[in-house]
There are 2 protein chains.
Amino acid sequence: MANQQEEILQLGLRAREASAAMARAGTQEKNHALQHIGQTLLSSQKEILAANLLDLREAEAGGMSPAMMDRLRLTEERLAAMAGAVGKVAALDDPIGQVDSGQTRPNGLIISRYRVPLGVVGMIYESRPNVTVDAAALCLKSGNACILRGGREAIHTNRALAESIRNAIATCGLPRDAVQLVSDTSRESARAMMRLNGYIDVLIPRGGAGLIRTVVENATVPVIQTGVGNCHVYVDDPCDLVMAEKIIVNAKCSRPSVCNAAETLLVHKNIAPEFLPRAARAMAPYHVELRGCPQTAAILGAAVRPADEQDYATEFNDYILAVKVVDSLEEAVCHIRRYGTGHSEAIVTDSYAHSREFVAGVDAAAVYVNASTRFTDGEEFGLGAEIGISTQKLHTRGPMGLRDLTTIQYVILGSGQIR
Amino acid sequence: MANQQEEILQLGLRAREASAAMARAGTQEKNHALQHIGQTLLSSQKEILAANLLDLREAEAGGMSPAMMDRLRLTEERLAAMAGAVGKVAALDDPIGQVDSGQTRPNGLIISRYRVPLGVVGMIYESRPNVTVDAAALCLKSGNACILRGGREAIHTNRALAESIRNAIATCGLPRDAVQLVSDTSRESARAMMRLNGYIDVLIPRGGAGLIRTVVENATVPVIQTGVGNCHVYVDDPCDLVMAEKIIVNAKCSRPSVCNAAETLLVHKNIAPEFLPRAARAMAPYHVELRGCPQTAAILGAAVRPADEQDYATEFNDYILAVKVVDSLEEAVCHIRRYGTGHSEAIVTDSYAHSREFVAGVDAAAVYVNASTRFTDGEEFGLGAEIGISTQKLHTRGPMGLRDLTTIQYVILGSGQIR
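These figures come from a predicted structure and were not determined experimentally.

Rules and cut-offs
Residues numbered from 1 in each chain as written. Chains lettered and ligands numbered in written order. Predicted model: local features only at pLDDT ≥ 70, side-chain atom pairs only at ≥ 80, totals over all residues. Heavy atoms only, no water. Helix = DSSP H or I, 4+ residues; strand = E, 2+ residues; numbered from the N terminus. Buried < 20%, exposed > 50% of the residue type's maximum accessible area, 1.4 Å probe, protein only. Lys, Arg positive; Asp, Glu negative; His and termini not counted. Salt bridge = Lys/Arg side-chain N within 4 Å of Asp/Glu carboxyl O. Polar contact = N/O pair within 3.5 Å; in protein donor to acceptor, adjacent residues only side chain to side chain. Contact = heavy atoms within 4.5 Å. Least-squares fit on C-alpha atoms with pLDDT ≥ 70 in both. Arc of directions from axis to C-beta. Pairing = 2+ DSSP bridges. Axes fitted to C-alpha atoms, helices over the stretch in contact; angles between N-to-C directions. Buried area = accessible area lost by both parts, 1.4 Å probe. Nonpolar A, V, L, I, M, F, W, Y, C, P; charged D, E, K, R; others polar.

Novice: Is there a simple way to explain the side chain of Asp404(B) in this structure?
Specialist: With respect to the helices and strands, the residue Asp404(B) is situated in the loop between strand E15 (398-400) and strand E16 (406-417). Despite being buried, Asp404(B) has no salt bridge partner; Arg113(A) is the closest side chain of opposite charge, sitting 5.0 Å away. Engagement of the side chain of Asp404(B) in a polar contact is seen with the side chain of Thr396(B), the distance being 3.1 Å. Ignoring anything within four residues of it in the chain, the contact list for Asp404(B) reads Leu118(B), His395(B), Thr396(B) and Pro399(B).

Following this line, the structure appears as structure tokens:
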């Protein structure tokens, strides 16, 4: 334990040092470094893929599932896509130095609110190695230093990626330690990061519900909670059933493993007899398992397993959908307030009044009227790229882009004012 | 312990319920309630002052210092000022429902960012009873419910204040439980609040460094760290010595107990021989104790106690000033980066280049050029009123007004879009 704490403290000291230089780096310098990172990732392809192969072999020997292996696997194409993503971050507007607002006070003080970097961003994440590259790129562009702690299963890949990123940064004259990878993937290193007050300004966990919970429960540094999405689609009366069918199929089946996928379908009782059979037919090619309330079962028959309390509270991340027939819009809103995780919620309706009531009643980062929940994403929201999706209310909510990696600083210009 | 947890959980449940109604309350409704609170505070003057007298008697019996007794004491004038402050909050713009930004995406989705309430705000604070009224008013206006836990020493006063606020709210048709006071002032009740995830959306501690530290170390709910201010005034070469003298006297002596008062004076070596004696003379009427580096002592002589490491790290909140002669602007910036708490830092200079360098180098919520640090305050910054001063970087920084008690919600209007 003492060793891990010491390693993390050293990373923290170096990150803080690097963050001071990063805060002063100009936009051109940062963009140049990002472009160079993209090139270096491509020119280090051989080493990176070899490292990835090591991880894959260990994963296979350890009995990792094929789906998880796929998340871990890098290919030439995937590496090229990662390098391309870094180039896209270079092309985004630099949030640093933007003036949010300003005023001259009656006493002559000129008070301006500037965007400045957060300082040091800590990330604790699992499996997918692209997070290493995305997080480094977003943190660099926003003038922050970062400390990245990926999972054990991707450690060789992450080391190779981080090494090539650090070399590229240093070549461009920015501090190599602006990006640091925690080489120790023990629980203790994660816990030490969670308590590195004074060195880490914000900690962003990305991964399953267990990881997020551990961080929230143990961190003393400020945390942005991300990603757990128990999302609902409510099919209202009246609505366009064709549209509702397309939306639930998309929200459930287009990529069930992600946080903006739907987990529960709520259907107004008036349209349930007509809608549920057609929704079930439309999802049949995807072999979606339905877990429904008694009314759902009465309509759909033996194909439906009975849903219990736990099903309504679960983010399945799989081809499973909980279903409930509700008596009213109000019941739908109550259900969502009870079981939702504040991520993304959708209503399909033809009623203007109902759309307003749903938006006012549901408390989530993103509330949709007549669209799929799958759009909750930095790219889709026009942020360019995202470092995660906040499901807490502090700092920001929903997809987090470059601006969400900044804070403000008041600069006050005076001429001798005293109070 | 179990009892306290149960009481707090009940408060949390009621607050969450009330917050749903508060989120839907219109501006006029909220303003009407605020005006009524102001009137009720005045009409309940007798009960409130009687309750305050109970607290004062217990405090005196317990040997409380006169300065602390003064913070606790209510008078007709102070109560009238508190009621007046509530009226001022009513007059401020309502942040709720404001649209920060919006766009129509290429796929036709209309995405807007709305300001919505945080939900339930928890406050843990010490002694001064006006926090009870200010926090309740700001939370109500921003559509939040609040759970207030004041100190043991003010419990009778806080109960009387909260009762009169709750009555006024209920009379106006808003939920009485939008404002709740924790009647149990044990440590356990505070700890239970710190872990009330799912019910408290943000916890704001206000008080001494010990309280803030306890909350940061123990809370699992999101926290906004407030208030500890180890603020510096750096007197540069070249500068207007008359201005510098006025600024340090104001920053140190106008109200030493507050967080935006200066604790350390840094002086460039070129001007120290001339400036330090005149600064010492100007502060003499306030009996400021100076704790200086060897160079300071060499200039000022026996009047200066030697300063140690601890002095530079301390927020004295008293008529004590640490002094250090520095060789350069760079040394001043390094000193501030090392000892500062990220609150308010000032440079007095005649050099444009130095002013820019200081602003770029110092990492604090408010950086001043040629003005006193004492201006870091919601009222002075034009926010109307403040609920605290954030010294962390997440969510907001510096004085927190109504807008900082809100978060965002994305509302996405579609016409059947799927991804």
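Novice: Please explain the relation of the copies chain A and chain B as it appears in this structure.
Specialist: For the pair of chain copies, the relating operation is a rotation around an axis with a shift along it. When chain A is brought onto chain B, the operation consists of a screw motion whose angular component is 180° and whose axial shift is 0.0 Å, with 0.0 Å RMSD remaining. Given the turn and translation reported, the copies of this chain are related as if by a two-fold rotation axis. Among all C-alpha atoms of chain A, that of His395(A) lies closest to the rotation axis, at 1.7 Å. Same-surface contact between copies: 100% of interface residues of chain A are shared with the interface of chain B.

Novice: Explain helix H9 (residues 209-218) of chain B to me, please; I cannot follow it from the model alone.
Specialist: One turn of an α-helix holds 3.6 residues; hence residues three or four places apart share an orientation. Residue and element names in this part refer to chain B. Those residues of H9 not exposed but buried are Leu211, Ile212, Val215 and Val216. Buried residues of H9, viewed axially, fall in a sector of 130°; they line one side. Against the buried residues of H9 lie strand E3 (120-125), helix H8 (187-194) and strand E6 (202-206).

Novice: When you look at the side chain of Thr296(A) in this model, what are you seeing that I'm missing?
Specialist: Mapping Thr296(A) onto the fold places it in helix H12 (residues 294-300). Beyond its immediate chain neighbours, meaning those up to four positions away, Thr296(A) contacts Leu276(A), Gly301(A), Val304(A), Val323(A), Lys324(A) and Val325(A).

Novice: I would appreciate a short explanation of the sheet that holds strand E7 (residues 231-235) of chain A in the present structure.
Specialist: Pairing between sheet strands relies on hydrogen bonds along the backbone, with the strands arranged either parallel or antiparallel. Ordered by their spatial adjacency, ten strands build an open sheet running E10(A)-E9(A)-E11(A)-E8(A)-E7(A)-E12(A)-E13(A)-E16(B)-E2(B)-E1(B), and the pairing between neighbours is mixed. Two strands lie at the open edges of the sheet, namely strand E10 (304-306) of chain A together with strand E1 (99-104) of chain B, each paired on one side alone. Here the average twist between neighbouring strands, direction ignored, is 25°. Note: E7(A) against strand E8 (residues 262-268) of chain A, five bridges, orientation parallel. Bridged to Tyr234(A) within E8(A) is Leu266(A). Contacts from helix H10 (residues 241-253) of chain A reach E7, E8, strand E11 (320-326), strand E12 (344-348) and strand E13 (366-371) of chain A together with E16 of chain B within the one sheet, and its direction differs from that of E8(A) by about 160°.

Novice: What am I meant to see in the interface of chain A and chain B here?
Specialist: Many structure descriptions define interface size as the accessible area lost when the parts assemble. Listed by partner, the interface residues are 70 residues for chain A and 70 residues for chain B. At the boundary of chain A with chain B, total buried surface from both sides reaches about 5600 Å², with 53% on carbon and sulfur atoms. Summed over the three residues of chain A that lose the most area to chain B, namely Lys393(A), Leu394(A) and Arg419(A), the buried surface amounts to 15% of that side. Summed over the shared surface of chain A and chain B, the result is six salt bridges. Two residues, Asp377(A) and Arg419(B), come together in a salt bridge whose shortest N-O distance is 3.9 Å. Our count for the contact surface shared by chain A and chain B stands at 37 residue pairs in polar contact (both at pLDDT 80 or more). Contributing elements (two or more residues each) for the side of chain A that touches chain B: helix H1 (2-24), strand E2 (110-117), helix H9 (209-218), H10, helix H15 (352-361), E13 and strand E16 (406-417) of chain A. A breakdown of the residues in the side of chain A that touches chain B according to their chemical character gives 33 nonpolar, 21 polar and 16 charged.

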